[in-house]
Amino acid sequence: MSFIEYETIDRVAVITLNRPERRNAQNAALLKELDEAFDRAVDDDDVRVIVLKANGKHFSAGHDIDPDVFNSEPWQSMFSDVDQNGMLKLYKWELKHFFGYSRKWRDLPKPTIAAVQGACIAAGLMLAWPCDLIIAAEDARFSDPVIRMGIGGVEYHGHTWEFGARKAKELLFTGGAIDAYEAHRLGMVNRVVPRDQLESAALTLAAEISQMHPHALLMAKRAVNQTLDAQGMSNALQTTFDTHSLGHANAWAICGQIVTVGLDEMAAANKKGQ
Ligand code: ZN
């Protein structure tokens, strides 16, 4: 694996995003490796808790939209496919790799803890939100600025559930960011710690949880997630994924690409979000 590190510490699996030179921006290979790492942790009976953390200054700057990288990614082929098959290929790609991964990771049968520092932008949220607990460093910032690309929000609409309806609208409408303390006040993160204590705080919490019975942990997790789904979360996520896809279709109708700005502007908007 080249974009993900994996280790176990006692009963805790530690998965680390390891693409710091790109602010842990997500390409197709990173997402695939990350999914494989989660599977490995789930399949290891000795692992009770999973920690997701990131090397470098930033947790994740979202999907990698650097023009050079973007043009070499599998999803680039969708541009040439739209004329023949409409949005089908793009829809299926995002359904499996963006939306599908986040949905799967939310319901992994073991507790997960995200340790977030620096920028957590757009699809960065799609890594942090599916985790059961989030510990944020004081320098963490959270935003989904894809409104600047003509899209109403990332593929996994956790916003309303994580921020509350009023704040979700503000952040989506403006593309603005909140800091770690605001995220804590909103209930989006469990704890805020100094940057140099982030990893130890996550590992200490994971070690504490790992002492509990694994079946009891799973039932506790399912109780909360099933309650959210009984409130409509699962159905809402699926519906709002389609709403996201409508944004791509609208962009294509307007300008023949899946967002309403060029790749260079997309990259600039991404940096601005930090
Ligand atoms: Zn999309």
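What you see is a predicted model; the values in this text were computed from it and never measured.

Colleague: Please set out the coordination of the zinc ion residue by residue, giving values where relevant.
Modeller: Distances from the zinc ion to its protein donors, namely E94 (OE), E94 (OE), E155 (OE), H244 (NE2) and H248 (NE2), fall within the range 2.0 to 2.4 Å. Ordering the donors of the zinc ion by residue number gives the pattern E-x60-E-x88-H-x3-H. With E155 in the loop between β7 (141-143) and α6 (159-163) and H248 in helix α11 (residues 233-255), the pair connects residues that are 93 residues apart, well separated along the chain. Taking the relative accessible area as the measure of exposure, E155 reaches 4% and is therefore buried. A residue is classified by how much of its surface remains accessible, and H248, at 6% relative accessible area, is buried.

Colleague: I'd like to hear about helix α1 (residues 28-43), residue by residue, with values.
Modeller: Across its 16 residues, α1 extends 23 Å between first and last C-alpha, which sits within 8% of the 22 Å expected from 1.5 Å per residue. Considered for burial, the residues of α1 that qualify are A28, L30, L31, E33, L34, D35, A37, F38, A41 and V42. Of the surrounding secondary structure, the elements contacted by the buried residues of α1 are β1 (4-9), β2 (12-17), β3 (49-54), α4 (88-106) and α5 (125-128).

Colleague: Provide a residue-level description of the pattern of salt bridges, including the pertinent values.
Modeller: As enumerated under the stated definition, the model contains 12 salt bridges in all. Notably, a salt bridge pairs K167 with E170, separated by 3.4 Å at the nearest N-O pair. Remark: E170 and K167 occur in helix α7 (residues 165-174); sequence separation between them is three residues, near one turn of the helix. In this structure K167 comes out as buried when scored by relative accessible area, which is 18%. For E170, a relative accessible area of 40% corresponds to the partly exposed category. Through salt bridges with shared partners, one network takes in K167, E170, E182 and R185.

About the thresholds
- All residue numbers refer to positions counted from 1 along the written sequence of the respective chain.
- Under the rules for a predicted model, residues below a pLDDT of 70 receive no local features and side-chain atom pairs below 80 are neither given nor counted, while totals for whole chains, interfaces and linings still include all residues.
- For the side-chain quantities, the full set of heavy atoms in the structure was used; hydrogens and water were omitted.
- Shown as donors are all N, O and S atoms within 2.8 Å of a metal ion, widened to 3.2 Å for Na, K and Ca; because water is not in the atom set, sites may appear incomplete.
- For the purposes of this entry, the term helix denotes a DSSP run of H or I that reaches at least four residues, the term strand denotes a run of E that reaches at least two, and both are numbered from the N terminus.
- Buried means the residue's accessible area, taken with a 1.4 Å probe over protein chains only, is under 20% of the maximum for its type, while exposed means over 50%, and partly exposed covers the values in between.
- Given the number of residues in a helix, its expected span is that number minus one, multiplied by 1.5 Å.
- What makes two residues a contact is simply this: any of their non-hydrogen atoms within 4.5 Å.
- Only one rule defines a salt bridge in this text: a Lys or Arg side-chain nitrogen within 4 Å of an Asp or Glu carboxyl oxygen.

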